[in-house]
Amino acid sequence: MMKFIMVLFLLIPLVFLNQYWLIQFVWMLMVLLFLSMFSFNYIYMYISYLFGVDLISYLMVLLSLWICSLMILASQKVYNSSFWSQMFMFVIVCLMLSLFMAFSAMNLFIFYVFFEASLIPTLMLIVGWGYQPERLQAGVYMLFYTVFASLPMMIAIFYYLDKNGSLDFNFMSLELGEIVLYLCMNMVFYVKIPMFFVHLWLPKAHVEAPVSGSMILAGVMLKLGGYGLMRMMMVFVNLGLKINYFFIGLSVIGGVMVSLICLRQSDMKSLIAYSSVAHMGLAMSGILTLNFWGMSGALMMMVAHGLCSSGLFCLANVNYERLGSRSLYLNKGLINVIPSLSLWWFLLSSSNMAAPPSLNLVGEIMLINSLMSYDSLNMLVLMLLSFFGAAYSLYLYSYSQHGKIYTGLYSFSSGNVREYLLMLLHWLPLNILVLKGELMCLWL
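Residues numbered from 1 in each chain as written. Predicted model: local features only at pLDDT ≥ 70, side-chain atom pairs only at ≥ 80, totals over all residues. Heavy atoms only, no water.

Quick word on the environment of Met-153
Then, in step 1: By secondary structure assignment, the location of Met-153 is in helix α8 (residues 135-164).
Then, in step 2: Residue classification places Met-153 among the buried positions, given a relative accessible area of 1%.
Then, in step 3: Distance from Met-153 to Met-268, taken between C-alpha atoms, is 35 Å for residues 115 residues apart in sequence.
Then, in step 4: Aside from chain neighbours lying at most four places away, what touches Met-153 is Leu-108, Tyr-112, Cys-184, Met-185, Val-188 and Phe-189. (Helix = DSSP H or I, 4+ residues; strand = E, 2+ residues; numbered from the N terminus. Buried < 20%, exposed > 50% of the residue type's maximum accessible area, 1.4 Å probe, protein only. Contact = heavy atoms within 4.5 Å.)

Notes on a nonpolar patch on the surface
Then, in step 1: Taken together, Leu-22, Phe-25, Leu-29, Leu-32, Leu-33 and Leu-35 make up a surface patch of nonpolar side chains, about 570 Å² in accessible area.
Then, in step 2: In this structure, Leu-22 sits in helix α2 (residues 20-36). (Patch = residues over 30% accessible without salt bridge, like charges linked within 9 Å, V, L, I, M, F, W, Y side chains within 5 Å. Areas by Shrake-Rupley, 256 points an atom, 1.4 Å probe, with all protein chains shown as cover. Salt bridge = Lys/Arg side-chain N within 4 Å of Asp/Glu carboxyl O.)

Here we look at the packing of aromatic side chains
Then, in step 1: With the rule as written, the count across this model stands at 27 aromatic pairs.
Then, in step 2: Geometrically, the ring pair formed by Phe-88 and Trp-129 is edge-to-face, given 5.3 Å between the ring centres and 70 degrees between the ring planes. With Phe-88 in helix α5 (residues 85-104) and Trp-129 in helix α7 (residues 119-129), this pair connects stretches of sequence that are 41 residues apart. The pair formed by Phe-88 and Trp-129 is uniform in burial state, with each residue classed as buried.
Then, in step 3: With a centroid separation of 5.9 Å and 65 degrees between ring planes, the pair formed by Phe-346 and Tyr-397 is classed as edge-to-face. (Phe/Tyr/Trp six-rings, centres within 6.5 Å; stacked < 30°, edge-to-face > 60°.)

A closer look at the UniProt feature "domain: NADH:ubiquinone oxidoreductase chain 4 N-terminal" (unreviewed entry) in the chain
Then, in step 1: As annotated in UniProt, the feature "domain: NADH:ubiquinone oxidoreductase chain 4 N-terminal" (unreviewed entry) corresponds to residues 1-102 in the numbering used here.
Then, in step 2: Between the end C-alpha atoms of residues 1-102 the distance is 12 Å, and the span holds 74% helix and 7% strand. (UniProt positions renumbered as here; feature names shortened; annotations may be inferred.)

Rendered as structure tokens:
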């Protein structure tokens, strides 16, 4: 693991040489190297110092590397306009370093430190390269929601260390039965994933963030919450069986509420951001059922949602760069103007509604199985969740691609090769991974 961390550190001199495409090339090379070195096993491998990866860590690190390389590809505007482009690349490298260390940490405290550290580069992305003046408020929202929830976690970690004698994930054998400790330890992950009621920072941060900020938020940052819950649930197995039903109910009903909110959105980015809350609420419910289907389905949903949501944000940004607006009232009739981009809208919208052959479908089927086996009453809410998931995805696609073209569009340019490549690199792994879906089930 340390050699990969060293390679990431070596990217920093390249940043200050302003070699934009060289960094992109090296990043893609790292993805290929990381992909080829792993045996897809559930045991911890490549252990060095406090870092090592098992299957879930490996998939999350791979997703982080992939999304970060696509962030560079999506943000050519920053480079072309020379708007602090070196600083921008430096922030992305720092973000990748903190995410890499958070996901590959084998110690709870080290995970906590880098979990918190990843907030700072994200905040810099939103505040530095965001679009509207409200971006400062959005950044503060995100920071305070997470920090308020994470301070109790630090105290709970020290308490657990005192009782258990070790914070190594492999040696966390002592089970805690106190509900206060449960809330202190897990609330930060509920905020991060985000759970309904503590999700308000997410749409705000997405709408104000640049395309790279939205991609990393949807693609990887939300997964930190799911990953943390998967790691921590072993400490609260007995207590979790007693009280998790409350959070499961809140998440799935919240998912339906948020889906209804999606159907009333006029801002494309806001719609995609709210759909993230619904999808991740389902994944969180799967983790909290504490059964095999739930855990595997949640992991699959996390990887699928990371690719799908990130791709939709890229598409919304392509439209924004052309039309200068994200409003669905102005983004209309685009199938007449850029029909080839309309194909990508269709492919990613259909993946978002869990249509075959996307990974979302497999993840959703597993999560529905898991929640149904937990309590058959969940069926009523899951029916609504699936239906509205299809409804808002269709709404997003049909509203933006069909209808009368807005006559104010006096100049327009078609999509370029970089953008089509960007879409392909989101869509291809999302639909090819279905063929190796069993990998997601090996880690338990």
